[in-house]
Amino acid sequence: MDATHYEGLIAMKLRLVAALVAAAMLSACGLNSVPTAEETAKAKWAEVQNQYQRRADLTGNLVATVKAAGAQEKAILVEVTQARAAATQLRVSDADLTDPAKIAAFDRAQNAVTLNLQRLQEAYPELKSQANYATLLTQLEGTENRISIARRDYNEAVQSYNTTIRTFPDAIGAKIFYGAKPMAPFQATTPGAETAPKVDFGNGN
């Protein structure tokens, strides 16, 4: 092996080592971890929206069931319908996850649905024995529990993302490559809003 060929091999190995070192440095600077954490948080947010949409669908069915039962229509039905409509119309996109005000507005609208569903349940005790009504209430209770879990998972993902973009060395890449901003977690804005509504079928009467 002549000197020129040997030097070429050495140069090639050095370039390979340099490339590996550069890749490791970029990775350590959050090139991969920042978008991974961000996409995880967005996926968790999508599940939050999915569960709220499920509740909106069930709420519409519940209102229709109460009306169909022939009970005297009360103002609470209108309020439930209006709260559901307001919550459905208020959308929060991935780009809005860094805006605490929009997250809080979304939360308030959804909490209004929760509170009105509780009032609807209390207003129609005579329907508790009806199968459709009881089934819908049970499904809504399950949905509230799913919402609670989805919100918790989203908050955990947001905490992980926010920690990533503020912690060295990932913070370097977060600022230089992505201009990353902290995401807003859910915070209970109404006393007791973090607790799912209870479905009480009484003593079966």
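Residues numbered from 1 in each chain as written. Predicted model: local features only at pLDDT ≥ 70, side-chain atom pairs only at ≥ 80, totals over all residues. Heavy atoms only, no water.

Chemist: Would you take a moment to explain the environment of Glu38 for this structure?
Modeler: For Glu38, the location among the structural elements is in helix 2 (residues 33-68). For Glu38, a relative accessible area of 23% puts it in the partly exposed group. As a C-alpha pair, Glu38 and Ala157 span 119 residues in sequence and 8.2 Å in three-dimensional space. Beyond its immediate chain neighbours, meaning those up to four positions away, Glu38 contacts Tyr161 and Met183. (Helix = DSSP H or I, 4+ residues; strand = E, 2+ residues; numbered from the N terminus. Buried < 20%, exposed > 50% of the residue type's maximum accessible area, 1.4 Å probe, protein only. Contact = heavy atoms within 4.5 Å.)

Chemist: Explain unusual backbone geometry to me, please; I cannot follow it from the model alone.
Modeler: Phe168 connects to Pro169 through a cis peptide bond whose omega is 5°. By secondary structure assignment, the location of Pro169 is in the loop between helix 5 (131-166) and helix 6 (170-178).

Chemist: Explain helix 6 to me, please; I cannot follow it from the model alone.
Modeler: Buried within helix 6 we find Asp170, Gly173 and Ala174. Along the axis of helix 6, the buried residues cluster in a sector spanning 105°; they form a single face. Opposite the buried face of helix 6, at more than 90 degrees from it, the exposed residues are Lys175 and Ile176. Gly179 lies just past helix 6 and shows a positive phi near 55°. (Arc of directions from axis to C-beta.)

Everything listed here is a matter of geometry and, on its own, says nothing about what the molecule does.
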